[in-house]
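Residue-level structure breakdown
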Amino acid sequence: AILKEMSVMDKKKVFEILGPGRRAPRDYQFAPLHMVFDVKDDGTHKARFVAGGHVVDSTHLAAYASVMKSSNLRILLTIAAKFDLEVYTGDVGGAYLNANTRENVYSRCGAEFGSRKGQVVLIRKALYGLASSASAWWDHLATSLRNIGFTNTSVDNDVWMKKVNDKDGNLIGYDY
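What you see is a predicted model; the values in this text were computed from it and never measured. (Residues numbered from 1 in each chain as written. Predicted model: local features only at pLDDT ≥ 70, side-chain atom pairs only at ≥ 80, totals over all residues. Heavy atoms only, no water.)

1. Brief notes about the overall build of the protein chain
Counted only if it meets this: Segments assigned H or I by DSSP are reported as helices when at least four residues long, segments assigned E as strands when at least two residues long, and all are numbered from the N terminus. The atom set for the radius of gyration is the C-alpha atoms, and the globule formula is 2.2 Å times the number of residues raised to the power 0.38. Burial classification: accessible surface area is computed with a 1.4 Å probe over protein chains only, and a residue below 20% of its type maximum counts as buried, one above 50% as exposed, and the rest as partly exposed. What makes two residues a contact is simply this: any of their non-hydrogen atoms within 4.5 Å. What sets the accessible areas is the Shrake-Rupley method with a 1.4 Å probe; for residues, cover comes only from the shown protein chains. The charge count includes Lys and Arg as positive and Asp and Glu as negative, but it does not include His or the ends of the chains. Taken as the charge location is NZ of Lys, CZ of Arg, CG of Asp or CD of Glu.
Regarding its fold elements, the protein chain presents 3 helices and 9 strands. Along the chain direction, N to C, the helices and strands of the protein chain fall in the order α-β-β-β-β-α-β-β-α-β-β-β. Expected size for 176 residues packed as a compact globule is a radius of gyration near 16 Å; at 20 Å, the protein chain overshoots this value by more than 25%. Expressed along its principal axes, the backbone C-alpha trace of the protein chain runs to roughly 60 × 40 × 30 Å. The 176 residues of the protein chain split such that 32% are buried. Taking as baseline every contact in the protein chain between residues at least 6 positions apart, the subset at least 24 positions apart corresponds to 63%. Just so you have it, the protein chain exposes about 11,800 Å², and 52% of that area is on carbon and sulfur atoms. Side-chain charges of the protein chain comprise 23 positive and 19 negative groups, with the mean position of each set lying 7 Å from the other.

If you want it as structure tokens, here you go:
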């Protein structure tokens, strides 16, 4: 589980490891890193690398991230069932790690980093545990959705829609 989590961290370029003997920039705050472990319902083991954001002063950063109202999800699923529409769902693995962190945070590499143990590491992505990570992820997701033509609805900021046109450019419906 640890190797899998560290592989995701590497793939998402979560950390910038500074060379031996280098220090973090002066405007960076220290946050400890640690693993949180879980056993899923199917018996698989999960490890999640998190920052101790409780020691970081993030009072100047937005931390709020909204969530879709469950009643709106039920309405959309009811409409889809009524009109026999297709419903697709998905999961964004390591979602927060797709967004850049807003805090200037560093830590020290632990045993999970192998031969780099003890070196200073800058946290570049919205690692779990940092106060602004949820907000940074929401902003990243919103920008990504806008880039592919979706707009959020006026009723719920977390319900997104995109016009669907036929081959002649006539509006035939919406994707939500």
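2. Here's the deal with the pattern of salt bridges
Where we set the bar: The term salt bridge refers to a pairing of a side-chain nitrogen on Lys or Arg with a carboxyl oxygen on Asp or Glu at a separation within 4 Å.
What the rule picks out here adds up to 2 salt bridges. Taking the shortest distance from any N to any O, the salt bridge between R124 and E16 comes out at 2.6 Å. Of the two residues, R124 sits in strand β6 (residues 120–125) while E16 sits in strand β1 (residues 15–17), which places them 108 residues apart along the sequence. For E16, a relative accessible area of 33% gives the class partly exposed. Ionic pairing is found between D139 and R102, a salt bridge with its closest N-O pair at 2.1 Å. Here R102 lies in strand β5 (residues 100–108) and D139 lies in helix α3 (residues 133–147), a separation of 37 residues in the sequence. On the basis of relative accessible area, D139 is assigned to the partly exposed category, the value being 35%. The exposure class assigned to R102 is partly exposed, which follows from its relative accessible area of 27%.

3. Details of the layout of surface pockets
To find leftover empty space, a probe the size of one water molecule is rolled over the atoms. Keep this limit in mind: The distinction between a cavity and a pocket rests on a 1 Å grid over the protein atoms alone: a 1.4 Å probe fits inside a cavity but cannot get out, while a pocket stays open yet meets protein on both sides within 12 Å along at least five of seven lines, and a residue with an atom within 4 Å of a point counts as lining. Grid points are joined across faces, edges and corners, and a volume is the space filled by probe spheres set on the points. Each residue is assigned to one of three groups, with Ala, Val, Leu, Ile, Met, Phe, Trp, Tyr, Cys and Pro labelled nonpolar, Asp, Glu, Lys and Arg labelled charged, and all others, Gly among them, labelled polar.
Each pocket or cavity is described by its volume, and for the largest pocket that value is around 1,400 Å³. Mapped onto the lining of the largest pocket, the elements with two or more residues apiece are α2 (70–82), α3 and β9 (171–175). It is α3 that provides the largest number of residues to the lining of the largest pocket, a total of 6 residues. Broken down by class, the residue content of the lining of the largest pocket amounts to 25 nonpolar, 3 polar and 4 charged. For the second largest pocket, the calculated volume is near 380 Å³. Those elements that place two or more of their residues in the lining of the second largest pocket are α1 (2–11) and β4 (45–51). In the lining of the second largest pocket, the residues fall into 7 nonpolar, 4 polar and 6 charged.

4. Concerning the nonpolar core
The test is simple: What is meant by a nonpolar core is a set of buried Ala, Val, Leu, Ile, Met, Phe, Trp, Tyr and Cys residues, joined one to another through side-chain atoms within 4.5 Å.
Core analysis: the largest hydrophobic core is formed by 19 residues, its most contacted members being M9, F15, L33, F49, F113, I123 and L127. Secondary structure elements with two or more residues in this core: α1, β3 (33–39), β4 and β6. Element by element, the count of residues in this core is highest for β4, at 3 residues. Ignoring any residue separated from it by four or fewer positions in sequence, one finds F15 in contact with M9, L33, F49, F113, V121, L122, I123 and L127.

5. Section: the sheet that holds β5
Spelled out, the test is: Each pair of strands is called paired provided DSSP finds at least two bridges between the two strands.
Strand order in this open sheet of 4 strands is β1-β6-β5-β2, and the pairing throughout is mixed. Two strands close off the open sheet at either side, each with one partner strand: β1 and β2 (29–30). In this structure, β5 lies alongside β6, joined through 5 bridges in antiparallel fashion. In the strand pairing of β6, Y106 is matched with L122.

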